[in-house]
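# Structural features, examined
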Amino acid sequence: MSGTGRLTGILGPRTRRVVYGESGPEDIRQELGATTTVDLAHVVMLTERGLLPREAAAALLRRITTLRADGFTDLYELPAPRGLYLMYESHLIAELGAEVGGKLHTGRSRNDIKATITALRLRSELTDLLGEVLRLQAVLLSRARAHRHAVMPVYTHFQPAMPISYGYYLAGIATALDRDIDALGHVLGHLDRCPLGAGAVAGTDLSIDPARTAELLGFPDGPLHATDAVAARDTMLRAVAAGASAALTLSRLATDLQLWSTQEFAFVEFPERLVGGSSAMPQKRNAFLLEHVKAKAALAVGAWTASAAAMKSTPFTNSIEVGTEAVGAGWPALAAVRDSVLLTQPLVSGARPNPARMEQRARESFVTATVIANRLVAQGVPFRTAHHVVGRAVREAVEAGATELTRITVPRGAEGAEGFEAGPSATELPGLREVVDSHDRGGGPGECARTVQVLTDRLAAHGRLLAAHRDRAAKAEHLLDEAVDTLMATGGAPGEAVDVHAVSVSERTESAQ
C-alpha cells in the first residue's frame, strides 16, 4: 500500500534516505523493537475496551511477537517509501488482512506513537545514566574518606591559596555532582505521563483507555493535554541540560587532575592502565583519558544548543523540527555524558595521590598566611592590620629566600594594633594538619567527615528513587507479558490451535534488539 488515499506519489530514493534514514537490519530492529512494544500495549487496551475483537487481537499479537522473536527479518527486504512504521503496518495488513492488520492503528497516530517511543527510550537511557553517575558518586565519596588526611594546597587563580586535603577536594566534586544527580532524577520524575492516547494532536472520540496503556508501559498516568503530549519535547531538552551540567562538573575535575598529574606538580599519578605513551617520544606518560572527559562536555553543550535552536519559535503542535530533529540531537549528547562518566569512574578510583609532595608544596606556598592573620585577629588586632602585617612578612620571607613562615611579629605602634598586648613577640605558625582541622565552619575541610556523611545519605536516597523507577518499569514489563500471553491463549478462532510462546515478551524483545 504505497498511497495514503489522499496522496499517490512517493519521495525519491535519495530524499527518502535523508528524511527517514537508512533501513538496514539494525535500523529496523531498533525502531520497530520500540514501536512494537507500544503496539502490544495498544492491542491489549483496544481489546479490553471492546474496540478490537479478541480473535483479531490474538492474530495481531502472534504476528507481532513472531516478528520480534525473529529480529524482524521478514521486513529486511521490503520497500519503505513512507518510512519503517508504514512499511511494517502494510506488512501486517498483507499478512493478516485489512480486517485485522488495518485495525492496529485504531485511536492513535504516528504522532503520539513517536512521542511515546521517545519517552520510553529517554526513560531507559536516563535510568542507565543515573545509575552510572551514582556509581561514580560512590567512588568519589570512598576516595574522599580514604584521602581525608592528604594535605595539599587549594588554588585560586592558579595560585596556592589555603591548605585543604585531597579527600576534601574530592568531596567538593561530589557535592557539585550531587546537584547534577538531583537534576537528572528530577527529569526522570517528569517522565510520568505516557503520550499514547493523545492521537495526532487533540486526543480521540473513541472510547480508548490511555491510563491502561500507560500502566502497561510503566507510566503512572496518560496524557494531561493532547497537544502538549505531541508538541513538547522539553523533557529531552532538560535531560540534555542536566547531563551537560554533570559533564561540565567532570570536565573541571579532569582539568585539575591533568594539571596535578604533570611532573611539575606531581600531586597525583595514574597507573599504567590509565595512561598512554607517545609514538615518537619514549619518555611520555600521558593521562589522555582526562582529555576525553573534558571534550565530552563540549559535545553535550553543543547538542543542547542544537536541540534548543531546533525547538525555538516552532508552532506549539506536532512538529518535525521538534519531534525528530531536536530529539535526534539529544541522543548522542546523552551517550557522550555516559561515556564521560564511565571514563571518570576508573580515573578517580585509580588516581594515586602523593601526600609527601602535596604537603611539601603546601609548606612552601605560605598557605597558612590567612590562618596566621586570623590568629592575630583573635588576639585583638583588626583584620586589615593583620592582613597587612602577614602580607609584609611573606614578602620579606620570599626576598630572604625562605620557603615558609615560622613566626609573625606585629610591630609596636602598627596602625590599629594599639591594644595588641603580644608586643614584638610572635604568633607561632600552626601545623598544616592543625590548620586543616581547625577550618570546621562554613563547610571547611575540618567538616569533611560531616560533608561526606551527608552526601552518602543523599546517595542512598537517590539510589532508592532510581530503584523505584526501575522496579515500576520491570513490573509493567511483566504485566504486559501476562496480558499479551493471556490474549494469545484465549483469543484464537474456534477450533484453531493456539501457539502460546513459552518465551516472555521481554525476552522476545531482547532477542530482536
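Reference entry: report on the structure contained in this document. Everything numeric in this text was worked out from a predicted model, so none of it was measured.

### Section: the pairing of strand β2 (residues 159-165)
Taken together, the six bridges between strand β1 (residues 151-156) and β2 define a ladder with antiparallel strand orientation. Counted as the bridge partner of valine 154 is methionine 162 from β2. Hairpin connection, β1 to β2: the antiparallel pair is bridged by two residues, and histidine 157 has positive phi, about 55°.

### Focus: the environment of asparagine 286
By secondary structure assignment, the location of asparagine 286 is in the loop between β3 (268-269) and α11 (289-311). Measuring from C-alpha to C-alpha, the distance between asparagine 286 and glutamine 258 comes to 9.2 Å, with 28 residues separating the pair along the chain.

### Observations concerning helix α6 (residues 110-146)
Given a rise of 1.5 Å per residue, 37 residues ought to cover 54 Å, and the 54 Å separating the end C-alpha atoms of α6 matches this to within 8%. A distance of 2.9 Å separates the backbone nitrogen of asparagine 111 from a side-chain oxygen at the start of α6, and that oxygen is part of serine 109.

### Considerations on the packing of aromatic side chains
If you walk through the whole model with that rule in mind, you get five aromatic pairs. Here tyrosine 155 and phenylalanine 265 contribute two aromatic rings whose centre-to-centre distance is 5.7 Å and whose plane-to-plane angle is 65°, an arrangement assigned as edge-to-face. Remark: phenylalanine 265 occurs in the loop between α10 (234-260) and β3 and tyrosine 155 occurs in strand β1; sequence separation between them is 110 residues. One exposure class covers both tyrosine 155 and phenylalanine 265, and it is buried. Ring centres of phenylalanine 265 and phenylalanine 267 lie 5.4 Å apart, and the angle between their planes is 90°; this geometry places the pair in the edge-to-face category. One aromatic cluster is present, built from ring pairs that chain together Tyr155, Tyr169, Trp260, Phe265 and Phe267. One residue, arginine 121, lies across the ring of tryptophan 331, its end atom 4.0 Å from the ring centre. For the cation-ring pair, arginine 123 lies above phenylalanine 219, with the distance from its terminal atom to the ring centre recorded as 4.7 Å.

### Section: the layout of surface pockets
For the second largest pocket, the calculated volume is near 660 Å³. Along its surface, the second largest pocket is lined by 22 residues, and Val154, Tyr155, Tyr169, Arg252 and Asp256 are the ones closest to its centre.

### Observations concerning the pattern of salt bridges
In total, this model carries 22 salt bridges according to the counting rule given. In this structure, arginine 212 engages glutamate 48 in a salt bridge whose closest nitrogen and oxygen atoms are separated by 2.8 Å. Taken together, the residues arginine 212 in helix α8 (residues 210-216) and glutamate 48 in helix α2 (residues 25-48) connect sequence positions 164 residues apart. The residue arginine 458 makes a salt bridge to aspartate 182 at a minimum N-O spacing of 3.7 Å. Here arginine 458 is found in helix α17 (residues 448-490), whereas its partner aspartate 182 is found in helix α7 (residues 166-189), with 276 residues between them in sequence. For arginine 458, a relative accessible area of 32% corresponds to the partly exposed category. Take aspartate 182: its relative accessible area is 41%, and that puts it in the partly exposed class. Through salt bridges with shared partners, one network takes in Glu48, Arg212 and Glu215.

Thresholds, definitions, all that
- Residues numbered from 1 in each chain as written.
- Predicted model: local features only at pLDDT ≥ 70, side-chain atom pairs only at ≥ 80, totals over all residues.
- Heavy atoms only, no water.
- Pairing = 2+ DSSP bridges.
- Helix = DSSP H or I, 4+ residues; strand = E, 2+ residues; numbered from the N terminus.
- Expected span 1.5 Å × (residues − 1).
- Polar contact = N/O pair within 3.5 Å; in protein donor to acceptor, adjacent residues only side chain to side chain.
- Phe/Tyr/Trp six-rings, centres within 6.5 Å; stacked < 30°, edge-to-face > 60°.
- Buried < 20%, exposed > 50% of the residue type's maximum accessible area, 1.4 Å probe, protein only.
- Lys NZ or Arg CZ within 6 Å of the ring centre and 35° of its normal.
- 1 Å grid on protein atoms, 1.4 Å probe; cavity = no way out; pocket = protein on both sides within 12 Å on 5 of 7 lines; lining within 4 Å.
- Points joined across faces, edges and corners; volume = space filled by probe spheres on them.
- Salt bridge = Lys/Arg side-chain N within 4 Å of Asp/Glu carboxyl O.

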